Amino acid sequence: MASDGLSRRRLLAAVGVAAAGTAGCQSLLTSSDQSGDAAADTPRTPETTGPPQGSAEGNVYTDVYDDVADGVVSIQVYSGVGRPASGSGFLVENGYIVTNEHVVDAGDTVYVRYAGTDWREVSVVGTDVYSDLAVIEDDAVPDATAPLSWAEVTPPIGTRVVAIGNPFGLSGSVSEGIVSGVDRTLRGENGFSIAAGIQTDAAVNPGNSGGPLVDLDGDVLGIINSGGGDNVGFAISAQLARRVIPALVADGSYDHPYMGVGLSNVSPLLAAANDLERAAGVYINTVVPGGPSDGVLRGSTGTERVDGVEVGTGGDVVRRLDDTPTPTRQDLAAYLALETSPGDTMTVTVQRDGATRTVELTLGTRPVPP
C-alpha cells in the first residue's frame, strides 16, 4: 500500500497537470463498528495469542478502509421542499470535494460531514451534467484528514476494489468487489452518454453516489455513479475525472468535444442492409444540421427492413479516429472523451458506398444543456 504522503501528493500532481442520473450505489459490507462486532462473535480460547480467524485485524479491506475513510464525506442537499437528498463525496486537494452532479443538483443548500465531525455548510464551485461530476469547496477541512489520490491508469478487469460511502444514510459503509468491465458507456443527460465508465460487482445502493471506488492501494479508480441491477454498478473513471475536475475548479464548467452526430453500433442486420463485410464499426444515423460534421460526414439516406426490423442505410461507418480503431461506440466515445478537446482537428476514416476514405473533422463544443 502506498504511504499517505506519496499517495496524496500524486493527487496534487495529477490535478495540476490534467488536461484542461441515478441516485444509487454500494451497500455496506463491513464498517468499523460492524467489523468489531464480527470479531467479538468469533470464539477465542485462552491459548489464542493473535487475532481470531475471520477478525478484521490484518484484513486488506480493513487496511484500505483505514487509509481512505477519513477523506470520504456524507452529503445532504436541501431544496426547501421535502426531505433532503443524500449522497457521498471525497476530499481531493485544497479543500475541494468531488461528488456527482446529480447529488448537488437536488437543491440549493449543501452540507457535508466527515467521520467524527458535525455537519457544515459548503459551497458548490463547479458542476458538469455531461460527466455527472461536481466539485464542492470546504474551507474547514479537519487537520488530520488527508486527500485521496487518483489512479493513473485504467484498471485491468478483475482488479479488486473497495467502495466507501453512505448507502441509505449509513455513513462510512464499505463494500468490496472487482472491476467487472471498463470502457462502459454510462447513461447521461439530453441524449449524450458518459464515456470510459467502470463496471463493478460491488453492491450499489442509494446514498453511495459520488463516493470513491478505490483499489487496494487506496487510489481512486472512479466516482460511483449508479447501479444497474444485481451485482452491476458503475463509476465515472478517474481518467475522465482528471480532465473534468481541474476545469470545474478553475472555471465552474467543462467543455466537452462534440462531433454533432447520432451513432449506433453496426449490428448484423445493419451490416446486411448496407452490404458490409463486417458487422463492426460505428454507424452514423444522423448528422446535426449546422454541427461540426455537417457536410463532412454522412448520415442515413434511407431505410431497409431486414428480418422485420427497420434499419438505416447509406450512412458512413466510422472505422478509425486518427490512428485509433473504433469497432464500437464505446471505443469512439472513449477516444473523444479522453484524447480530444473542442477545436481539435482529427482524421476520420469511414466506409462510404463500399469504399474507404478519410476526412478531416474539426470538433466543436457540446451544447450547453437546457
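Residues numbered from 1 in each chain as written. Predicted model: local features only at pLDDT ≥ 70, side-chain atom pairs only at ≥ 80, totals over all residues. Heavy atoms only, no water.

Looking at an unreviewed UniProt entry, the protein chain carries the name Trypsin-like peptidase domain-containing protein, with the source organism given as Haloarcula onubensis.

Visitor: How do you make sense of the overall build of the protein chain when you look at a structure like this?
Guide: Counting its secondary structure elements, the protein chain contains seven helices and 22 strands. Scored against the burial criterion, the 370 residues of the protein chain give a buried share of 50%. Summing over all exposed atoms, the protein chain offers an accessible surface of approximately 16,600 Å²; the carbon and sulfur share of this is 47%. (Helix = DSSP H or I, 4+ residues; strand = E, 2+ residues; numbered from the N terminus. Buried < 20%, exposed > 50% of the residue type's maximum accessible area, 1.4 Å probe, protein only. Areas by Shrake-Rupley, 256 points an atom, 1.4 Å probe, with all protein chains shown as cover.)

Visitor: Honestly, the pattern of salt bridges in this entry has me stumped. Any pointers?
Guide: Should the charged atoms of two oppositely charged side chains come close, the side chains can pair. With the rule as written, the count across this model stands at three salt bridges. Close ionic contact of arginine 298 with aspartate 353 constitutes a salt bridge, the shortest N to O distance being 2.7 Å. Separated by 55 residues along the polypeptide, arginine 298 in the loop between strand E15 (282–287) and strand E16 (302–306) and aspartate 353 in the loop between strand E20 (345–352) and strand E21 (355–362) bring together distant segments of the chain. With a relative accessible area of 24%, arginine 298 lands in the partly exposed category. Measuring nitrogen to oxygen at the nearest pair gives 3.2 Å for the salt bridge that ties glutamate 310 to arginine 305. Accessibility expressed as a relative area gives 54% for arginine 305, which makes it exposed. (Salt bridge = Lys/Arg side-chain N within 4 Å of Asp/Glu carboxyl O.)

Visitor: What's the story with the packing of aromatic side chains in this structure? I'm lost.
Guide: To describe a pair of aromatic rings, one takes the distance between the centres and the angle between the planes. If you walk through the whole model with that rule in mind, you get four aromatic pairs. One Lys or Arg, arginine 366, reaches over the ring of tyrosine 130 and ends 4.8 Å from the middle of that ring. (Phe/Tyr/Trp six-rings, centres within 6.5 Å; stacked < 30°, edge-to-face > 60°. Lys NZ or Arg CZ within 6 Å of the ring centre and 35° of its normal.)

Visitor: It is not clear to me how the nonpolar core should be interpreted in this structure. Could you clarify?
Guide: One broad rule of soluble globular proteins: the nonpolar side chains tend to lie buried together. Grouped together as the largest cluster of nonpolar side chains are 38 residues, with contacts concentrated most on Phe90, Trp150, Val162 and Ile223. Ranked by the residues each element gives to this core, the list is headed by helix H5 (residues 238–251), at seven residues. Not counting residues within four places of it along the chain, the set of residues in contact with valine 162 comprises Tyr61, Val64, Val174, Ser175, Glu176, Pro212, Leu213, Val214 and Leu216. Counting residues in each nonpolar core, the second largest holds 16 residues, with Met259, Val261, Val318 and Leu321 among its members. (Core = buried A, V, L, I, M, F, W, Y, C linked by side-chain atoms within 4.5 Å. Contact = heavy atoms within 4.5 Å.)

Visitor: For this particular structure, what's the right way to read unusual backbone geometry?
Guide: The residue aspartate 275 is not glycine, and still its phi comes out positive at about 55°. Tracing the chain through its elements places aspartate 275 in the loop between helix H6 (268–273) and E15. Note on aspartate 275: relative accessible area 67%, which makes it exposed.

Visitor: Looking at this structure, how should I read the environment of serine 86?
Guide: Here serine 86 is to be found in strand E2 (residues 85–91). Separated by 17 residues in sequence, serine 86 and valine 103 place their C-alpha atoms 7.0 Å apart. Apart from residues no more than four positions distant in its own chain, serine 86 is found in contact with Ile75, Gln76 and Gly207.

Visitor: Can you help me understand the side chain of serine 74 in this one?
Guide: Along the chain, the position of serine 74 falls in strand E1 (residues 72–78). A polar contact of 2.9 Å, which involves the side chain of serine 74, links it to the side chain of asparagine 166. Leave out the neighbours within four places in its chain, and serine 74 touches Gly87, Tyr111, Val112, Arg113, Trp119, Asn166 and Ser171. (Polar contact = N/O pair within 3.5 Å; in protein donor to acceptor, adjacent residues only side chain to side chain.)

Visitor: How should I be thinking about the pairing of strand E17 (residues 309–313) in this particular structure?
Guide: Across a regular strand the side chains alternate sides, sitting on one face of the sheet and then on the other. In terms of strand pairing, E16 meets E17 through five bridges, oriented antiparallel. Residue pairing for E17: valine 306 is matched across the bridge by valine 309. Connecting E16 to the antiparallel partner E17 that follows it, the hairpin turn spans two residues, and aspartate 307 within it adopts a positive phi of roughly 50°. (Pairing = 2+ DSSP bridges.)

Visitor: Just checking my understanding: could you explain the side chain of asparagine 166 for this structure?
Guide: Counting through the fold element by element, asparagine 166 comes out in the loop between strand E7 (160–165) and strand E8 (173–187). Polar contacts involving the side chain of asparagine 166 include one to the main-chain carbonyl oxygen of valine 73, which spans 3.1 Å. A distance of 3.5 Å separates a polar side-chain atom of asparagine 166 from the backbone oxygen of glycine 87. In this structure, asparagine 166 is in contact with Val73, Ser74, Gly87, Ser88, Ser171, Gly172, Pro206, Gly207 and Asn208, ignoring residues within four places of it in sequence.

Visitor: Looking at this structure, how should I read helix H3 (residues 60–68)?
Guide: For an α-helix, 3.6 residues make a turn, and residues three or four places apart therefore share a direction. Of the residues making up H3, those classed as buried are Tyr61, Val64, Tyr65, Asp67 and Val68. When H3 is viewed along its axis, its buried side chains cluster within an angular range of 165° and face the same direction. A distance of 2.7 Å separates the backbone nitrogen of tyrosine 61 from a side-chain oxygen at the start of H3, and that oxygen is part of asparagine 59. (Arc of directions from axis to C-beta.)

Visitor: Hey, could you run me through the environment of arginine 184 in this one?
Guide: When you line up the elements, arginine 184 lands in strand E8. Since its relative accessible area comes to 33%, arginine 184 is described here as partly exposed.

Visitor: In this structure, what is going on with the confidence of the model for the protein chain? I would like to understand it.
Guide: Caution is warranted with low-pLDDT regions, since their predicted coordinates should not be read in detail. Put simply, the protein chain has an average pLDDT of 85, and 84% of its residues get 70 or more. Every residue in residues 1–56 is under pLDDT 50, and counting partners more than four places away or in other chains gives 108 contacts. (pLDDT = per-residue confidence, 0-100.)

Visitor: It is not clear to me how the sheet that holds strand E4 (residues 109–113) should be interpreted in this structure. Could you clarify?
Guide: Whether parallel or antiparallel, the strands of a sheet pair through hydrogen bonds between backbone atoms. Taken together, six strands build a closed barrel; the order of strands is E1-E2-E3-E6-E5-E4 and the barrel is antiparallel. On average, each strand axis in the sheet is tilted by 40° relative to the strand beside it, whichever way the strands run. Note that E2 and strand E3 (residues 96–99) share two bridges and pair antiparallel. The partner of leucine 91 across the bridge, within E3, is isoleucine 97. Sitting on the sheet, H5 touches E3, strand E5 (120–128) and strand E6 (133–137), and the angle it makes with E6 is about 45°. (Axes fitted to C-alpha atoms, helices over the stretch in contact; angles between N-to-C directions.)

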